[in-house]
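Commentary on secondary and tertiary structure
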Amino acid sequence: MNARQVHISKLLSLILRHKPEEFGLALDANGWVGIAELLEACRQRGETFSREELDAVVAQNDKRRFALSPDGQRIRASQGHSVEVDLQLQPVEPPELLYHGTVAKALDSIRRDGLLPGNRQQVHLSADVDTAAKVGQRRGRPVILKVEASRMGRDGLKFYRSENGVWLADRVPTEYIRFPEGGGAT
Ligand code: HQG
């Protein structure tokens, strides 16, 4: 993505995950918003971009953050919402281990409470260590937690996978988390 596409992608994340009302928009129950309406709302706030530019951001997005409806008339974020939406994801069986990238200062609280979704709707987990490291790196030196996902699943806790391949869980109780040795200062 070029700089303009990154700007549009961040704008779309803000609208489609967090603050549609700031743009005079409302997501439907499943997180969708009409594209014509979205482009017009952005234009009115001095953020003018075309349908073609939006399509390029959707297609070239590094994490495939956005999805179009089958008829091409609507758009939504595939995960990461703080506003309440029902993405209608079906529970899926997880791999044996999933990974979560965080930072050392969160560890005491995670040891106590497990992984909680915070402002988002669900806890985000990664299928591989590299991705989890990148997620953790956004906040400082990354600490990788291993989540015993298949054991958690056998115990009846559900996992989902977003359209763009992010693993999601409502929470991860601390008993399923393997913390790095030495307090996580890796
Ligand atoms: C931490 C980005 C204290 C958690 C990324 C994380 C991802 C706790 C932070 C996606 C805690 C929440 C999501 C507890 C969890 N006590 N801290 N009990 N439980 N935490 O941003 O997973 O580029 O909401 O470790 O790449 O960092 O936006 O979640 O540090 O895929 O598409 O609380 O966002 O994707 O932070 O990131 P976030 P996340 P995008």
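Nothing here was measured: the structure is a model prediction, and the numbers come from that model.

Turning our attention to the packing of aromatic side chains. Given two aromatic rings, one states the distance between the centres and the angle between the planes to describe the pair. As enumerated under the stated definition, the model contains zero aromatic pairs in all. In this structure, Arg111 packs its charged tip against the face of Phe179, placed 4.4 Å from the ring centre.

Take unusual backbone geometry next. Its identity as a non-glycine residue notwithstanding, Arg64 has a phi of 45°, on the positive side. Turning to its location among the elements, Arg64 is positioned in the loop between α3 (51–60) and β2 (66–68). Look at Gln88: it is not a glycine, yet its phi comes out positive at around 55°. Note on placement: Gln88 falls in the loop between β3 (74–77) and β4 (97–103).

Another point: the domain arrangement of the protein. Each assigned domain of the protein is listed here: domain 1 (3–77) and domain 2 (98–183). Distance between the C-alpha centres of domain 1 and domain 2: 28 Å. Each partner contributes residues to the interface: domain 1 has seven residues there, and domain 2 has four residues. When domain 1 packs against domain 2, the two sides together hide about 400 Å² of surface, and 33% of this comes from carbon and sulfur. Residue classes in the side of domain 1 that touches domain 2 are distributed as one nonpolar, one polar and five charged.

Conventions we followed
- Residues numbered from 1 in each chain as written.
- Predicted model: local features only at pLDDT ≥ 70, side-chain atom pairs only at ≥ 80, totals over all residues.
- Heavy atoms only, no water.
- Phe/Tyr/Trp six-rings, centres within 6.5 Å; stacked < 30°, edge-to-face > 60°.
- Lys NZ or Arg CZ within 6 Å of the ring centre and 35° of its normal.
- Helix = DSSP H or I, 4+ residues; strand = E, 2+ residues; numbered from the N terminus.
- Domains from an automatic or database assignment.
- Contact = heavy atoms within 4.5 Å.
- Buried area = accessible area lost by both parts, 1.4 Å probe.
- Nonpolar A, V, L, I, M, F, W, Y, C, P; charged D, E, K, R; others polar.

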